[in-house]
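The lines below spell out each chain.
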Amino acid sequence: MSPRSPCLARAILRALTPREDRPFVLADLDERFERVRLDGGPRSARWWYRRQALVSTPVLVANRAAELARGLRAGEIRRIVRALLRRPQYAAGVAGTLALGFASAMVLGGLAWQVWLQPLPLPDSERLVRVYELEPVAADGERVRFPVSPPFLDALRAREWRHFTGFAGILGSSPEWVVDGDTRHLTGAIVSPGFFEVLGITPLHGRAEFRGRDGEAGAEVVLTEEFWVRAFGGDPGVVGGTVHLASGPHTVVGVVPQNGEYPETVDLFTPLLWASHQLAAGFRGARYVEAVGRVAPGSDIDVASDELATFVAGLGEAWPDSHVDWSAEVVSLRADLVRPFRPALRLLLAAGFAFLALSVVNVFGLSMARALERSRESAVRIALGASRARLARGALVEGAALGLAGGIAALVLARILTAVSVGWLPATMPRTTDLGASPLEAAAWLGCAVVGGAVMVALARRLVPPADTPMSGARVSRDLVGGRAIVVGQFALTTLLVGVGTLAIERSVELAHRDLGYRVDGVWVGLVALPQTANPDSNGRRDAWSSLLRELESGGYAAAISTNPPMARTNNRFDYRRSAEDEQKFGQYAIVSHGYFDLMEIPFVEGRTFTRGDSTPSVIISETLAEEVYPGESPLGLTLSILQQDREIVGVVGSAAHFGPDRPAPPMMYASYEAENWAFSRLVVAGGDAVVGAVEEAMNRAIPGAAPVSMVPYERHVSEWFRPLRIQLGIVGALAVVGGLLASLGLYSAIAFQVRGRMPELGIRMALGATGASIAGRVVRGGLSLAGIGLAGGFMLWWLGRRALSEAMGASASGVSATSVGATALTILGLALAAVAIPARRAAEADPLETFRGD
Amino acid sequence: MGDAREYLGEFEQVVLLALARLGDGGYGAEIHAEILDATGRDVSIPAVYVTLKRMERKGLVSSRTRRPTGGGRALRIYTVEAEGSRALQRSRELFERLWDSPHLDPGQAS
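These remarks concern the structure in this document.

The rules behind each value
- Residue positions are given per chain, counted from 1 along the sequence in the order it is written.
- Chain labels run from A onward and ligand labels from 1 onward, assigned in the order the entries are written.
- Totals for whole chains, interfaces and linings use all residues, but because this is a predicted model, local features are given only for residues with pLDDT of at least 70 and pairs of side-chain atoms are given and counted only at 80 or more.
- No hydrogens and no water enter the side-chain calculation; it runs on all heavy atoms of the structure.
- Think of a patch as exposed residues, more than 30% relative accessible area, with no salt bridge, where like charges cluster within 9 Å and nonpolar side chains (Val, Leu, Ile, Met, Phe, Trp, Tyr) cluster within 5 Å.
- All accessibility values rest on the Shrake-Rupley procedure with a 1.4 Å probe; residue burial counts only the protein chains present in the view.
- Salt-bridge detection follows one rule: a side-chain nitrogen of Lys or Arg within 4 Å of a carboxyl oxygen of Asp or Glu.
- Under the counting rule used here, the positive set is Lys and Arg, the negative set is Asp and Glu, and His together with the chain ends is not counted.
- Just so you know, the charge point we use is NZ for Lys, CZ for Arg, CG for Asp and CD for Glu.
- Helix and strand assignments follow DSSP, with helices taken as H or I runs no shorter than four residues and strands as E runs no shorter than two, numbered in order from the N terminus.
- What makes two residues a contact is simply this: any of their non-hydrogen atoms within 4.5 Å.
- When two components associate, each loses some accessible surface as probed by a 1.4 Å sphere; the sum of these losses over both components is called the buried area.
- In protein, a polar contact requires one atom able to donate a hydrogen and another able to accept it; more generally it is a pair of N or O atoms within 3.5 Å, and residues adjacent in sequence count only if both atoms are side-chain atoms.
- Polar here means any residue outside two lists: the nonpolar Ala, Val, Leu, Ile, Met, Phe, Trp, Tyr, Cys and Pro, and the charged Asp, Glu, Lys and Arg; Gly therefore counts as polar.
- Burial here depends on accessible area, computed with a 1.4 Å probe over protein chains only, as a share of the maximum for the residue type. Under 20% is buried, over 50% is exposed, and the range in between is partly exposed.

1. Re a positive patch on the surface
Thinking step 1. A cluster of like positive charges, contributed by Arg19(A), Arg64(A), Arg388(A) and Arg462(A), occupies part of the molecular surface.
Thinking step 2. With respect to the helices, strands and loops of the structure, Arg19(A) is situated in the loop between α1 (7-16) and α2 (22-40).

Right, dumping it as structure tokens:
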């Protein structure tokens, strides 16, 4: 027996060759295949056949397209469009489903691509890195990463590296521009020398480097292009001129382009030139500067990390107090910018394409129902002389028209969703300034929608043959098995999404009502940095803080300072132990002024607060710490070793949710600012909007020369804390809405298909005495049972993933609750009921006469 | 410009000439074999059919189905029509006129 030609190649050729030529072409190919086999053997014959398929495919596809174009007439297109308009439910269903699926994929896929995957718009951006200092591994296994300290950055910049070409530092700033007597608030960045060079930013005008010496640190400024155009009309003459900032006149030395991604959108750059005391050993622990670097060509991040690790180990030997056991981490700048958003982006990308796939499946289901509905009409048209090719052409045109409508709707919908999502996305999410498809991408999506619509409708028509008798119940059932499985899967997915959504709502409500252990309403907070003039030594700092608090108190404001107030994104993690033999533990350390506890309404459990002039090295601890270290006894008068220094405990205060309502209150240690003080602290003031002006006046009088303080309501910190949860809720909610719509459409198309196929049977049932209501009831029950199976499947998935959900929502959150299960079940069943209503009504209108006429 | 039917495409010429060389008409596999023997080109059989169909619409060739009488398979036999012969002749004359130049020596042309 001679070997057979390759199956796939043969199948391709069979599918693409015109029906009338097919037997001759395939037989000729077989004849030549046999000849080649006799001459060169079976292997070369198979290769020959495959090559025939490969070479012929474009010719045959082009031939098909030409045939289609030749066969189309304007009248036929008009007829197809009119037929679609007569069935608006079907047309809207297909176009709407395509629009939903394509818009989801465009928006979610586009967002993930733009934010996550696209390279930064900087030269050779994959070599740009961020550097962090990593604290020693603690007993609890946690290892927190920090920005770098000024001396650390200085050392990075001063060293000759083998695997880096340079390092630079950047800090955010809020400069004030004094123009025509008005003060305008700008967004600025303070950057170290070499910053623009490291990033590869070249100036549009002037230079992108600062040449000022230490004493002239504030005298130069580089403008960004956007600000230069906005404020100076793009006048190149500005370079060399002067801008007056609140801190004094600055010479404009250059204009640089802005990419909107990194650094974040700013108006101008000022130089970061350290004073000598900031580079002294005492500042090695002040880790607050963002460091960026560039890996040398030919090196990679891993090799460069090793070199940095060696360097940091050396620092540990030279500066054991601040660097022993510390290490450093080098991470890709692009990856680091999106790191907090990566899980959400991954989820969005997967959801976007899942919805696209579901919409395609649903369009196919709707097309099958429509094909079944038209099978008799097709039989009549064939009987009247229409060719099958003409019917196929009609299906292709119908599908393409629906695809075009759906594609255009998807573009509009995607544009709206993108515009909405830009405002809704977190301000901290980078690279969101240029979302939305380019014209080329939009054309490609539109093309996909047109081709997809045409293929699906034509395929459905091909699978449902024209017939003068209705399809058998068995055939309908068989075809429905796949459709039902998909509907069940869609409902399971939607159940999961709705479940997670209700869980997130429940969690938000619970957290919003949870007692934080301190007051946030009517309290303002701002970071105060003492200038060098007020910061000569500990006494000078204490006097400056005292003076500031006195100024505010004399104005009638309750004011206090704390270096580490709750939910202010500070993290001063200090070790403590009861005695030298005890295990080291970690808690939060804050230096506060005497009125802090009263102002924040943190209750006293026992002992006393700090008093004015109290400079003894005492400590007030939180209830959490007291219960952990001194269970069952009063800690008052006992000692606590903090950073290996014994302190007397003078009071115990209530525990505070320092890191937010979902995290357990950490052990807190409070010290008096009169015994120990830092150059940085948060100022906390109670009052209304007048606080902002009062603080400005008090700062001018008490600490002249200090940078302006930006006071914000404490509630904003809380609101910011809730933002990720709100985003999570928004994402899940939006996904649940789209998923619910697609699942409902899927159920509708499956049930509509089933009802169409069973119309003769339903007609007979009606003739035998069944009522419309009983038939509609059967259809509704059928639909609800599918949704019910999906619901059960979704609940099962939910149950299996409850632990992961619990972790995602916070340690104390439950992964499942009775309320969320109940709300989800009601939502899903409501959606299912809405989806089966139309097919049920149609089934109730089955006409026995139609059945007998058909037979 | 003359009528588009006056000009043959390169592949149309190849197929039409191969069919003409077969004399009394031929079917796809025969045309394929003839082209392979004469030129060494292993052309696509479906492409040959697509081209023959196009030329049939132009009236250059005609086809008939030969049913097997004593076994074997049905064949679609193509024959060159008078218009096809004229088109080939015109193509040949066109090329001969183009080659007829003192600057073109077929033996030396690179």
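2. Regarding the interface of chain B and chain A
Thinking step 1. Contact residues are listed per partner, giving 21 residues for chain B and 21 residues for chain A.
Thinking step 2. Between chain B and chain A lies a buried interface of about 1800 Å² when both sides are counted; carbon and sulfur atoms form 54% of it.
Thinking step 3. Connecting chain B to chain A are six salt bridges.
Thinking step 4. For Arg73(B), the salt bridge goes to Glu31(A), with nearest N and O atoms at 2.5 Å.
Thinking step 5. Between the two partners, chain B and chain A, sit 16 residue pairs in polar contact (both at pLDDT 80 or more).
Thinking step 6. Of all the secondary structure elements, the ones that give two or more residues to the side of chain B that touches chain A are α2 (28-39), α3 (45-57) and β2 (75-80) of chain B.
Thinking step 7. The element contributing the most residues to the side of chain B that touches chain A is α3(B), with seven residues.
Thinking step 8. Taken together, the residues that form the side of chain B that touches chain A break down as twelve nonpolar, four polar and five charged.

3. Considering the side chain of Ser359(A)
Thinking step 1. Mapped onto the elements, Ser359(A) comes out in helix α12 (residues 342-373).
Thinking step 2. Among all residues touching Ser359(A), those that are not within four sequence positions of it are Thr97(A), Gly101(A) and Leu742(A).

4. Thoughts on unusual backbone geometry
Residue and element names in this part refer to chain A.
Thinking step 1. Its identity as a non-glycine residue notwithstanding, Asp 124 has a phi of 50 degrees, on the positive side.
Thinking step 2. If you trace the backbone, Asp 124 turns up in the loop between α5 (88-117) and β1 (128-134).
Thinking step 3. By relative accessible area, Asp 124 is classed as partly exposed at 44%.
Thinking step 4. Located in the positive-phi region is Glu 601, a residue other than glycine, with phi close to 55 degrees.
Thinking step 5. Tracing the chain through its elements places Glu 601 in the loop between α18 (596-600) and β18 (604-607).

No statement about biological role is implied by the geometric values presented.
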